[in-house]
Each structure stands twice: as structure tokens, then as C-alpha cells.
Amino acid sequence: MKLITSVLMLVVLHPFALRSQEVIISADTTKVPEMDIGEISVRASKVNTKLKELPASVSMITLNTIEDNNIRSLTDVSSIAANFFMPDYGSKLTSPVYIRGIGSRINSPSVGLYVDNVPFFEKASFNFDFFDIQRIEVLRGPQGTLYGRNTMGGIINIITPSPLQTKGGRLSFSTGNFGYYNTTGSYYGNISGNFAYSLSFNYLHKNGYFSNAFTDDAVDRSNSYGLRNRLVWTVNDNMSIENIISAEHSKEGGYPYAVINEQTGEANEINYNQYSYYNRKILSDAFIVKYTGDNFELVSTSSYQYMDDLQGIDQDFTPDSLYYVIQDQTHHMLSQELVIKTRGEKRYSWLIGAYAFGQFFDKAVDVDVYGSSIKLIKGYDHIIRGYALFHQSTLKDLLVKNLSLTAGVRIDHERDILDYLYNMQREETFTNMADTVYPALEYFELLPKIALNYEFNNNNLYLTVARGYKTGGFNSTIERPEDLTYNPEYSWNYELGAKTSLLNKQLYADFALFYIDWKNQQIYQTVPSGRGSMLKNAGISSSKGMELSLRAIPLCGYETSMTYGYTHAKFISHIVNDSVDHDGNFIPYVPTNTLTVKLNKTYYIESIKFIDRLRFNILYRGIGPIRWNEENSHTQGFYSLFDFQIAAMRKKLGFELWFKNLLNTDYEAFYFQALGREYVQHGKPLRFGIRLSAEF
């Protein structure tokens, strides 16, 4: 408590303390580009549309924000991007993202993720360690016209620096409580005038934040290693070739789940007897060829992703040996996209593209049922292939000056094949329960989008209507024939927004209202025995709400910004069986409110020999309430988290003191029901540490 009090006093008093040392205070010019963010082009639009002209609700998380707020994974983006939430499920395996209430806990994602042009179709790869990230783009609302399947909630586009624009190197080392160690490094250079390269690495170790009473050891100890290499060859003035390859290897203990006491309603201590873990290897590669003509640009993007993961989990999370599951999976994904588009400022601009992909899964699941001496052995050979054609046009000065119409459509086809093998072993006896190649699932969809954008006095108003779509598929855990497959889900998204400047351009504001009409929502449910999960279609749902983003220009050197998101997502019709329905209930895992307030200030110092700048950063995040189940019987109320950072810099050297969850707020990061019990995972406690950095 003394430490926290001292830090809070420092935050309040630091302006007066620094003035007493004859500090020269001026605006931090390194942060000015954030205030001109409307001039930045959004790469996820595929046509490099300026942010202020894009008819969509967008969060642009820049390098400054990433570094100031220690954003190290997608979970850290929660609430920083309005109506964005990624729960902490206790391991990297289950990593769903929810935007505006749309998300999926298992199977295919409902929100798209691209990292340096590589699509991440498998949700188990979403939660990777960030290092050397230039910016993050979050586009809310269906993006199916340009990106196709499983982007009905939106898309996340993560971009790393190009060696064409960045030169030199950087090293950093961080350490903190709970055995936290993080080392990163990068170097950007060129061999000749037309060949540039970069190499980046990351190492992260954590001793874990939670202990298992049964083993008296940490539950969630982890190690991960990351590497990225980028090569760019500018062949001539018209053509460039680029290759971006990245890899991560992580090993982690996981699942700090505690059983909730039926009598008290409080969580017991974490106490289970079998070690649970999740190990994962990821390799991603993108090969990009660009050709620029006088009036057009042609871009070919070939990508590959490989994932090999292994999970072991004590599925009952008790001191008894009841169920233990081992899942071993390999995943290969190949994709090819070809896009041709107009370049330059024109009244009429267009984009035409073709896309194809293939996903290949090889998964084995072994379930030990100790009470009956039974072992269930399941194997899955799963192949998904898809093809698409898409087009988008924009016509400016439609009917009146500065009114633009954007319209697009995508033709999307997908074929899904599952080969399922199921054996049961009792002692030395094997019984074949199933060995089936199921009839292929085929989907053919049209995904239209239309938007109007009107610009006046450097302000923009827009209206967008788009269709969202997520494919159906096979459930990997079934106990009844009717649970084998689930149907696609569809939505119509209506969005009205404004991007404007106020108070003589002293305040920049983005505002959006949305309504989502949602059918056949895919809902997570446990199988009848409680040993596993599946997706079922819920019926009719709706989600409505708003996003607000405010950014003030520096006032007396202070930079302030605020984002707020409100989501009201409910089941309209969700009948479980003849006696149970959830009509009118809130959709689970969706926070009603997300709120972020950021305050930064940089001081330039001439009176201290070893310091020329001091930078302070305060981040407030509020999230909730969150209903954890369809019955809405268990809820995490609205909770607040404070982060604080102070950095001292001298030329290209930096020293930083950082705090996460400064007030040690206790909250539920996750809750679920299984095997007749309720389980909860608490949020991470107060963390603090230091970071040293150097540029060269």
C-alpha cells in the first residue's frame, strides 16, 4: 500500500517537483503524428483509404500507444479499442475475440486477424506475443466483402515496420515481479540501394501468477521465443518483392481455474492433481509481389501458416483423478490473393480481387476416464477449402459535391470435409465406435456492402450497410448424431457515424451508432455428459450500441484521449428445449461497457545531466458487466484497472518503471460450467517492473 500511495502522490505532484528544478516544458513533438491520425491510410481497407474518409468505425493503435501502455498481446487491446474484448482463458489455446458482441469461444473465429498479410484462420494462433509492432488496426463491423469468411464481427490488422522506412537497431530488457523477464531486439538495414532487410527477436518468461495448492507450485509458468525476418527487394520503379517470415515457440502451464463453493458461492483455492499445459509452435510466411503502373496497382500475396500444438488438461480441476485429456494437433494453411486496383486520386476508383485458401487439420484427442478404466481415442482429418471473387467501387461527388458512394460484393464458396475415427479402449480391448468420412458441407454466399460518405469542412458523416457471415461446420466433440454439424450464422449490420474536429481543431471525435440483426448465432454449449464442448445455433439475436473516441491536442504538454464502447447484445429467440429458453437474456462473454482514458505528458529537461526527457503515462480501463452464461446467472460487474508508467530518457537510452493493475483489483477473467460444477479464473494481480532500452 505504501508503494501504491507513493506512486499516486508522484502522479499528482510531479509537475510541481519538476518545476523546482528549472525544467523546460514543451509539447512532445514525437507524439504529434497521433493527432494527425486522420491522414494515415488504413491498410486493412485494401485501397489505402484515409482513416477519416473510411466509412467504418476504426481504432488505430499506433506505436506510441503500444509502447506507452505495454501492449504485449491482443488481450491488452481489450477496451483500448472500443467494444473490443478478448478474455483471458488461462492458455493461448482458446483465444476468441469479441467485437460488438460478436465472437466465438470455440471452432472458427468470428473476427478476422491478419498479421503482415498472413490470415490467421485458426483461433488457437491468435494469442501470440507482440514485439516490434508498428501499429494495430481494428475495423468494427462485417468485413466480408474484402475478407470473406468469419469476419462478421470485424477485422484486426497487425503491421510490423518495413525496413524501407526504418533504419538502425533497438534492444530492450524488462524484468518484474512474478519472475517476469522479457528481452527484445531488432535491426533494420540495407545491403544496397534496392535491397532492405530486418531481423527481430523476442524472449519472454513468467514464473506464473497463480499457485496450485495440490502441487504447491505455479499453475501458469511460461516461456516463449519469437523471431521475425523481413526482406524487401525493389526490383525497379514499378515492381517490388517482399518476404516476411515469423515464428513463435511457447510452452506454458495453464488453466488457473478454481471450483466455486456451492454453499458460499465463493471460489475455492486452485487445487487439482494433474499438471495441465499447452505447448505451441507457429510459423507464418508471406510472399508479396507488387507492380505499379501509371493508373493501377497489382498485388499478389501468397501466405502459409503452420501450427503444431499439444495440450494436456485435468478436465475436472479437482484433487481426484476423473478426466484427463491430451489433444495433439497440426494445422497447415495456404492462401493466395490477387488484387488489382486503381491508384491515385480519381473520381471513380475500383478494386477487383480473387482469393483461394486451404486448411488442413490433423488432430488426435485421448480422454482418460479413470473411474471406468476407459480411454477414448479420437482422430480427425479435416480439410476446408474455399474460393472467392470480390469487387469494390467508389464514386465521388455523387449527386452533390463531396458525397461518395462505396459498393462491393463478394462471391464466396467453401467446402468442408471431415474424416472421423473413434476407438474406445478398456484395458487391452479396443472397440471401434466410428470410422466415417462424413458428407461434405458446402456453402455458397453473396456478401454485399454499401456505404455513403459525406465530407464537409474537414468533417465526415457516413452510413454503412453490410452483410455478415460465418460458416457452419463440424463439431469435434459429439455424443448425439444431431450435434454433428452446426449451421452458418448471418447478420445485417447498420452503422451511422461521424468523424469530426471540434473547438477549432482542438478536439478530434469519432462517433458511431450500430445495429446488428443476427440469425442462427452459433453458441457454445457443453455436450450432455459435460466432457467437452460444441456449437449449436441459437436462433435470432440482436446487438446495438455505440462507439465514441475523443483525442485532444496537447494542452500545456498534456495529451489526453478517451474511448468508450456500449454494446447491448441479447437473444431475441433462443429455445434450448421444450422447457428451457433464453429469450431476452444477454449474450454471454460480452461486456456492456468498455472505457479507456489515457493521459500522457513529456518533460524536456536541461538541468539534469543524465536525463533529457521524462515521460509519464496513466491508463484507466473499465470493463463490464459481463454475463458468463446463457442463463445470465453469473455476472462479473463493471471493474476498473489502472496502469502507470514513468520513463526517463537520455538521447537513445531509456529507463522505464511500469505498473499493471496498479490498485490490485480483483475481478473474474473467466467463468464456465462443466461436469456439474462452476469454475472461475481470477484476473492477474498487481505487476510491476523496469525496462531498459537502447537504440543504435
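No experiment lies behind these values; they were computed from the predicted model shown.

All right, on to the overall build of the chain then. Helices and strands together make up the secondary structure of the chain, namely four helices and 42 strands. What you see for the chain is a C-alpha radius of gyration of 26 Å, in line with the 26 Å of a compact globule of 696 residues. Along the longest, intermediate and shortest principal axes, the C-alpha atoms of the chain span 80 × 65 × 55 Å. The buried share of the chain, reckoned over its 696 residues, is 57%. Sequence-distant contacts, at least 24 apart, represent 65% of the contacts inside the chain between residues at least 6 apart. Element-wise, carbon and sulfur atoms account for 58% of the exposed surface of the chain, whose accessible area totals about 29,100 Å². Counting 65 positive and 73 negative side-chain charges, the chain places the averaged centre of each group 8 Å from the other.

Glancing now at the packing of aromatic side chains. Counted by the stated rule, this structure contains 36 aromatic pairs. Arranged with centres 5.7 Å apart and planes meeting at 25 degrees, the rings of Tyr454 and Phe456 form a pair that is stacked. Grouping aromatic residues by their ring pairs yields a cluster made of Tyr89, Tyr98, Tyr255, Tyr257, Tyr272, Phe317, Tyr589, Trp628, Phe670, Phe672 and Tyr679. The lysine or arginine in question, Arg149, covers the ring of Phe121, its NZ or CZ lying 5.0 Å from the ring centre. Across the ring face of Phe586, the terminal group of Arg627 is positioned such that the distance to the ring centre comes to 3.7 Å.

Now for the sheet that holds strand E3 (residues 58-61). Here we have five strands laid out as an open sheet, ordered E3-E8-E9-E6-E7, and mixed in their pairing. Two strands lie at the open edges of the sheet, namely E3 and strand E7 (118-119), each paired on one side alone. Bridge count between strand E6 (residues 111-115) and strand E9 (residues 154-159): five bridges; the pairing is parallel. When the bridges of E9 are listed, Tyr114 appears paired with Asn157.

Model confidence for the chain is summarised by a mean pLDDT of 89, while 94% of its residues fall at 70 or above. The secondary-structure element of the chain with the lowest mean pLDDT is helix H1 (residues 2-19), recorded at 38, while strand E12 (residues 195-206) shows the highest, at 97.

Turning to the sheet that holds strand E17 (residues 258-259), a few remarks are in order. Reading across the sheet, the three strands line up as E17-E41-E40 and stay open at both edges, with antiparallel pairing between neighbours. The sheet is open, and its two edges are formed by E17 and strand E40 (668-674), each paired on a single side. Note: E40 against strand E41 (residues 677-682), six bridges, orientation antiparallel. Looking at the pairing, Tyr671 lines up with Val680 of E41.

Moving on, we get to the pattern of salt bridges. Note on pairing: side chains with opposite charge can pair once their charged atoms come close. For the coordinates displayed, the defined rule picks out 30 salt bridges. Here Glu414 and Arg149 are joined by a salt bridge, their closest N and O atoms 2.8 Å apart. Placement of the pair is Glu414 in strand E23 (residues 403-426) and Arg149 in the loop between helix H4 (144-147) and E9, with a sequence separation of 265 residues. Both residues of the pair, Glu414 and Arg149, count as buried. One salt bridge connects Glu559 with Arg615, and the closest N-O pair in it is separated by 3.4 Å. With a gap of 56 residues between them, Glu559 in strand E34 (residues 558-573) and Arg615 in strand E36 (residues 613-627) connect regions that are remote in the sequence. By relative accessible area, which is 6% here, Arg615 ends up buried.

What follows is about the side chain of Glu414. Judged by relative accessible area, Glu414 falls into the buried class, the value being 1%. Reaching out from Glu414, the side chain makes a polar contact with the side chain of Arg149 at a distance of 2.8 Å. The residues contacting Glu414, other than those within four sequence positions of it, are Arg149, Phe357, Ile384, Arg385, Gly386, Leu441, Glu442, Tyr443 and Thr471.

Where E23 and strand E25 (residues 441-456) come together, 14 bridges link them in antiparallel fashion. Across the sheet, residue Leu405 finds its bridge partner in E25, namely Leu452. Sheet topology note: the E25/strand E26 (residues 459-470) ladder contains eight bridges and is antiparallel. Looking at the pairing, Ile450 lines up with Val465 of E26. Linking two consecutive strands that pair antiparallel, namely E25 and E26, is a turn of two residues; a positive phi of about 50 degrees is found at Asn457 within it.

Among the secondary structure elements, Tyr324 is positioned in strand E20 (residues 323-342). Classification of Tyr324 by relative accessible area gives buried; the value is 10%. Distance in space between the C-alpha atoms of Tyr324 and Gly312 is 7.3 Å, their sequence separation being 12 residues. Contact partners of Tyr324, with chain neighbours within four places excluded, come to Gln274, Tyr275, Tyr277, Gly312, Ile313, Asp314, Asp366, Val367, Asp368 and Tyr370.

Moving on: the pairing of strand E10 (residues 168-176). In this structure, E10 lies alongside strand E11 (residues 180-192), joined through nine bridges in antiparallel fashion. Each bridged residue has a counterpart across the sheet, and for Gly176 the counterpart in E11 is Tyr180. If you look at the hairpin formed by E10 and E11, you'll find three residues sitting between the two strands, and Phe178 has a positive phi there, around 60 degrees. Pairing of E10 with strand E42 (residues 687-695) involves seven bridges; the strand directions are antiparallel. Counted as the bridge partner of Ser174 is Arg691 from E42.

Here the focus is the side chain of Arg149. For Arg149, a relative accessible area of 4% translates into the label buried. Among residues more than four places away in sequence, those in contact with Arg149 are Ser108, Phe121, Phe357, Gln359, Ile384, Asp412, Glu414, Tyr469 and Thr471.

Cis geometry marks the peptide bond from Gly624 to Pro625, where omega comes out at -10 degrees. Of note, Pro625 is situated in strand E36. Although it is not a glycine, Asp397 adopts a positive phi angle of roughly 55 degrees. On the secondary structure map, Asp397 appears in the loop between strand E22 (374-395) and E23.

The subject of this paragraph is a nonpolar patch on the surface. Nonpolar side chains collect at one region of the surface, where Leu171, Tyr187, Leu199, Phe201, Leu227 and Phe696 lie side by side and expose about 570 Å² of accessible area between them. Mapped onto the fold, Tyr187 is located in strand E11.

Before going further, it helps to spend a moment on the nonpolar core. Core analysis: the largest hydrophobic core is formed by 73 residues, its most contacted members being Tyr255, Tyr257 and Phe317. Ranked by residue count, the leading element in this core is E40, at five residues. Counting residues in each nonpolar core, the second largest holds 29 residues, with Ile80, Val97, Val118 and Ile288 among its members.

Moving on: the environment of Thr592. Looking at the element boundaries, Thr592 is found in strand E35 (residues 591-604). The exposure class assigned to Thr592 is buried, which follows from its relative accessible area of 10%. With near-sequence residues (within four places) excluded, Thr592 lies in contact with Gly565, Tyr566, Thr567, Gly624, Pro625 and Arg627.

Basis of the calculations
Residues numbered from 1 in each chain as written. Predicted model: local features only at pLDDT ≥ 70, side-chain atom pairs only at ≥ 80, totals over all residues. Heavy atoms only, no water. Helix = DSSP H or I, 4+ residues; strand = E, 2+ residues; numbered from the N terminus. Rg over C-alpha atoms; globule rule 2.2 N^0.38 Å. Buried < 20%, exposed > 50% of the residue type's maximum accessible area, 1.4 Å probe, protein only. Contact = heavy atoms within 4.5 Å. Areas by Shrake-Rupley, 256 points an atom, 1.4 Å probe, with all protein chains shown as cover. Lys, Arg positive; Asp, Glu negative; His and termini not counted. Charge placed at Lys NZ, Arg CZ, Asp CG, Glu CD. Phe/Tyr/Trp six-rings, centres within 6.5 Å; stacked < 30°, edge-to-face > 60°. Lys NZ or Arg CZ within 6 Å of the ring centre and 35° of its normal. Pairing = 2+ DSSP bridges. pLDDT = per-residue confidence, 0-100. Salt bridge = Lys/Arg side-chain N within 4 Å of Asp/Glu carboxyl O. Polar contact = N/O pair within 3.5 Å; in protein donor to acceptor, adjacent residues only side chain to side chain. Patch = residues over 30% accessible without salt bridge, like charges linked within 9 Å, V, L, I, M, F, W, Y side chains within 5 Å. Core = buried A, V, L, I, M, F, W, Y, C linked by side-chain atoms within 4.5 Å.

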